[in-house]
Amino acid sequence: MKLLILFASPRPEGNTAQLLEKITKRFDDSVEVTRFDLYKMNLKSCIACLRCQKVSDGFNCVHDDDMQKIFDAALQSDLILFATPIYSFYCMPPMKMVLDRLVYGMCKYYGETMGPSLWAGKTIALVSTFGYPEEKASDLLTEGLVRYAKHNKLNFLGAYGERQRSYREPFMNEAVEKRAEAFADKLMAYDDSLN
Ligand SMILES: Cc1cc2nc3c(=O)[nH]c(=O)nc-3n(C[C@H](O)[C@H](O)[C@H](O)COP(=O)(O)O)c2cc1C
């Protein structure tokens with residue numbers, strides 16, 4: 001299984017990074033991981049120029065930045081894992097930029113004739129960390145990604161998140177580690193033939 005991880009925390013060793021580390025450490029050889037650290041990349045915002053809508057088989061974006069690499073990796077992957085802390089009830093800015101660039105770049109819905117979604121049938125999942133109780137923290141992003149998946153003709157495998165209870169105690173503990181491993185097992189059990 002080819003797994004693409006899009007990691008978007010401004011803290012390279014923060015809570016989301018620690019959670020992701022526990023998840024990826026659990027993977028066996030059946031998982032081929034490609035990871036992009038979005039904060040280390042040159043990524044620009046979609047400007048709605050519609051250049052991507054002039055072709056039906058590629059990206060064709062007006063920007064010359066690192067997004068082409070993500071576009072290509074997404075097309076080559078089976079499963080895409082979005083990993084982000086929750087700030088102000090949603091994902092971090094570079095992840096939002098990626099979501100916007102991909103929805104237009106991949107979906108040729110906005111030109112003169114209705115075209116395809118180039119990544120139709122792929123699966124996405126979310127891992128997030130947050131400070132509030134889960135139902136008031138990652139709920140809006142989860143709902144947003146469910147809707148994003150439907151619009152893009154993707155499957156949504158699920159969302160997993162952990163709460164940072166306080167700045168005074170360590171984020172990682174045995175219970176969190178166990179749940180991270182269970183989520184890794186869920187990702188590994190994902191069966192592409194169900195698509
Ligand atoms: C500016 C800022 C905004 C935040 N907004 C939220 C929020 O809306 N909901 C929430 O549950 N936690 C919020 N948090 C807490 C973070 O999501 C939490 O500490 C997270 O685990 C940080 O992950 P990181 O260490 O990977 O950066 C916020 C933290 C900061 C600094």
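The structure reproduced in this document is the subject of the present report.

1. Describing empty space enclosed by the protein
Then comes step 1: Applying the stated rule across the entire model yields one cavity of 30 Å³ or more.
Then comes step 2: Taken as a whole, the largest cavity spans an internal volume of roughly 110 Å³.
Then comes step 3: Lining the largest cavity are 16 residues, and of these Cys46, Cys49, Cys52, Cys61 and Arg101 lie nearest its centre.
Then comes step 4: Residues of the lining of the largest cavity, tallied by class, amount to 10 nonpolar, three polar and three charged.

2. Some points on the state of the cysteines
Then comes step 1: Per the stated rule, a full pass over the model turns up zero disulfides.
Then comes step 2: Cysteine Cys46 remains unbridged, with the sulfur of Cys52 as its closest cysteine sulfur at 6.5 Å.
Then comes step 3: Between Cys52, a cysteine without a disulfide, and Cys49, which holds the nearest cysteine sulfur, the sulfur-to-sulfur distance is 6.5 Å.
Then comes step 4: With a relative accessible area of 10%, Cys52 lands in the buried category.

3. Observations concerning helix H4 (residues 139-152)
Then comes step 1: Relative to the 20 Å expected for 14 residues at 1.5 Å per residue, H4 spans 20 Å between its end C-alpha atoms, a close match to the ideal helical length.
Then comes step 2: Among all positions in H4, only Leu141, Thr142, Leu145, Tyr148, Ala149 and Asn152 are buried. All buried residues of H4 lie within an arc of 120° about the axis, which places them on one face of the element. Counted as exposed and oriented over 90 degrees from the buried face of H4: Arg147 and Lys150.
Then comes step 3: Next to the buried residues of H4 lie strand E3 (79-85), helix H3 (93-106), strand E4 (123-130) and strand E5 (155-163).

4. Considering helix H1 (residues 15-26)
Then comes step 1: Compared with the 16 Å implied by 1.5 Å per residue over 12 residues, the 17 Å span of H1 between its first and last C-alpha is a close match.
Then comes step 2: Of the residues making up H1, those classed as buried are Asn15, Thr16, Ala17, Leu19, Leu20, Lys22 and Ile23.
Then comes step 3: Lining the buried residues of H1 we find strand E1 (2-7), strand E2 (32-37), E3, E4, E5 and helix H5 (174-189).

5. Here's the deal with unusual backbone geometry
Then comes step 1: With phi around 55°, Asn60 is a residue other than glycine that occupies positive phi space.
Then comes step 2: Tracing the sequence through the fold places Asn60 in the loop between E2 and helix H2 (67-76).
Then comes step 3: Phi is positive for Ser88, close to 50°, though the residue is something other than glycine.

6. Things to note about the site of the ligand
Then comes step 1: Inspection of the region around the ligand gives 16 residues, with Arg11, Thr16, Ile86, Thr129 and Gln164 positioned closest.
Then comes step 2: Within the backbone of Ser88, one N or O atom sits 3.0 Å away from a nitrogen atom of the ligand.
Then comes step 3: For the ligand, an oxygen atom lies 2.6 Å from a polar atom in the side chain of Gln164.
Then comes step 4: A total of 650 Å² of accessible area belongs to the ligand in isolation, and the protein chains cover 81% of it.
Then comes step 5: Elements with a contribution of two residues or more to the shell around the ligand: H1 and E4.

Rules and cut-offs
Residues numbered from 1 in each chain as written. Predicted model: local features only at pLDDT ≥ 70, side-chain atom pairs only at ≥ 80, totals over all residues. Heavy atoms only, no water. 1 Å grid on protein atoms, 1.4 Å probe; cavity = no way out; pocket = protein on both sides within 12 Å on 5 of 7 lines; lining within 4 Å. Points joined across faces, edges and corners; volume = space filled by probe spheres on them. Nonpolar A, V, L, I, M, F, W, Y, C, P; charged D, E, K, R; others polar. Disulfide = S-S within 2.5 Å. Buried < 20%, exposed > 50% of the residue type's maximum accessible area, 1.4 Å probe, protein only. Helix = DSSP H or I, 4+ residues; strand = E, 2+ residues; numbered from the N terminus. Expected span 1.5 Å × (residues − 1). Arc of directions from axis to C-beta. Contact = heavy atoms within 4.5 Å. Near = heavy atom within 4 Å. Polar contact = N/O pair within 3.5 Å; in protein donor to acceptor, adjacent residues only side chain to side chain. Areas by Shrake-Rupley, 256 points an atom, 1.4 Å probe, with all protein chains shown as cover.

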